[in-house]
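# Survey of secondary and tertiary structure
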Amino acid sequence: MRAAVMGSPIGHSLSPYLHRAAYHAMGLDRWSYEAFECDEARLPGLLDELVPVRGQGSDDGDAWAGLSLTMPLKRAVLPLLDTVSEAALEVGGANTVVFRDGHRHGHNTDVYGIEQALAEAGVPAPRSATVLGGGATAASALAALRDLGLYSATLLVRDPARAGETMAVAERLGVALAVETFDKLDALTQVDLVVSTLPGGAADAFADRLAGVPALFDVVYSPWPTSAAAAVRAAGGTVVGGFAMLLHQAVRQVELMTGRADVPVAAMRAAGEAELVGRSARTD
């Protein structure tokens, strides 16, 4: 069976290390996991090329089991799927495609990854939260907060006019969302949890202003810790990194693609952490 991660750029992805470690520990010696560079324009054609898929033909020995999708494909894939899970519909994006019975089934495991990362770090269900950034990961964060019982949040973005899709997600989720700009940051960090969905380095300018928050979930995983995470930790706050989210969303992907529940979280964690250490050593 074959699986892969697709996106652009894709060279930095940790997914191959996580999924391959799972296959090895689960005894799935004939499973493989690759990484493909793919943008939105190429996605429809590449999906059509992935044949046979599981459930087509009598020999599934070289069939495709599923795909992990990263940016910019999570939203672009939706009209190309045969079925879409409720979670993926709510957040407006699928990061997982499972091939079964000749069909493409879309799922979102990012929400699960966020929830598990927060739980693993011992972060209690927040009574208030501010989300930095307005992209696909912010949408998943809002869904995770809703699942934890929070039905209102604040979104900080550079340009509120570009937050339309995330506002639509909040409406589908039943979350009351206030959209503000970053100049309001000081007044909007008096909350239980700040979730930064900003790309690497983008939140560094706010590190001193975030230092006093009780808990910070920063989706960046390399380089780690970010300046913001280091500031919060030094002030005694709880910090959750992006690696935990990546790990747990991958665990759920392996469950969906293999149909098995005995996914080796520890082996996947060790493989991902080892790769991150290796990358850090290569750049020093």
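In case you missed it, the structure is sitting above this.
In this report, we go over the structure that sits alongside the text.

Conventions we followed
Residues numbered from 1 in each chain as written. Predicted model: local features only at pLDDT ≥ 70, side-chain atom pairs only at ≥ 80, totals over all residues. Heavy atoms only, no water. Helix = DSSP H or I, 4+ residues; strand = E, 2+ residues; numbered from the N terminus. Axes fitted to C-alpha atoms, helices over the stretch in contact; angles between N-to-C directions. Parallel < 35°, antiparallel > 145°, perpendicular 65-115°, else oblique. Left-handed = near helix turned anticlockwise from the far one by under 90°. Contact = heavy atoms within 4.5 Å. Nonpolar A, V, L, I, M, F, W, Y, C, P; charged D, E, K, R; others polar. Pairing = 2+ DSSP bridges. Phe/Tyr/Trp six-rings, centres within 6.5 Å; stacked < 30°, edge-to-face > 60°. Lys NZ or Arg CZ within 6 Å of the ring centre and 35° of its normal. Buried < 20%, exposed > 50% of the residue type's maximum accessible area, 1.4 Å probe, protein only. Right-handed = clockwise from strand over helix to strand, strands pointing away.

### Notes on unusual backbone geometry
What you tend to see is this: most non-glycine residues have negative phi, and most peptide bonds are trans. For the bond running from Ser8 to Pro9, omega is 0°, close enough to zero to count as cis. Residue position: Pro9 is located in the loop between strand E1 (2-7) and helix H1 (15-25). In this chain, Met71 is followed by Pro72 through a cis amide linkage whose omega measures 10°. Within the secondary structure layout, Pro72 lies in the loop between strand E3 (64-69) and helix H3 (73-76). If you check the backbone angles, Asp101 has positive phi at about 60° while not being a glycine.

### Observations concerning the packing of helix H5 (residues 110-120) against helix H10 (residues 242-258)
Each pair of packed helices can be described by the angle between their axes along with the distance between the axes. Running from N to C, H5 and H10 point in directions that differ by 125°, and their axes come no closer than 7 Å. The orientation of H5 relative to H10 falls into the category oblique. The crossing of H5 and H10 is right-handed. On H10, the residues touching Asp110, Tyr112, Gly113, Ile114, Gln116, Ala117 and Glu120 of H5 are Ala244, Met245, His248, Gln249 and Arg252. Along the lines of polarity and charge, the residues of the contact of H5 with H10 split into 5 nonpolar, 4 polar and 3 charged.

### Notes on the sheet that holds strand E10 (residues 193-196)
The strand order across the open sheet formed by 6 strands is E9-E8-E7-E10-E11-E12, and the pairing between neighbours is parallel. Both outer strands of the open sheet, strand E9 (176-181) and strand E12 (238-241), are each paired with one neighbouring strand and no more. Averaged over all pairs of adjacent strands, the angle between strand axes in this sheet comes to 20°, irrespective of strand direction. Sheet topology places strand E7 (residues 129-132) next to strand E8 (residues 152-157); 3 bridges connect them, and they run parallel. Counterpart to Thr130 in the pairing with E8 is Thr154. Against the sheet, H10 makes contact with strand E11 (215-218) and E12, and its axis sits at roughly 50° relative to E12, the strand it touches most.

### Let's talk about the packing of aromatic side chains
Across all of its chains, the model carries 4 aromatic pairs by this definition. Through a chain of ring-to-ring contacts, the aromatic side chains of Tyr23, Trp31 and Tyr33 assemble into a single cluster. One residue, Arg158, lies across the ring of Phe182, its end atom 5.1 Å from the ring centre.

### Regarding the pairing of E11
Side-chain alternation along E11 places Ala215 and Phe217 on one buried face and Leu216 and Asp218 on a second face that is also buried. Relative to E11, E10 runs parallel, the two being bridged by 3 bridges. Counted as the bridge partner of Val195 is Phe217 from E11. Bridge analysis of E11 against E12 gives 4 bridges, and the strand direction is parallel. Each bridged residue has a counterpart across the sheet, and for Phe217 the counterpart in E12 is Val240. After leaving E11, the chain enters helix H9 (residues 227-234) and then returns to the sheet as E12, a path that is right-handed.

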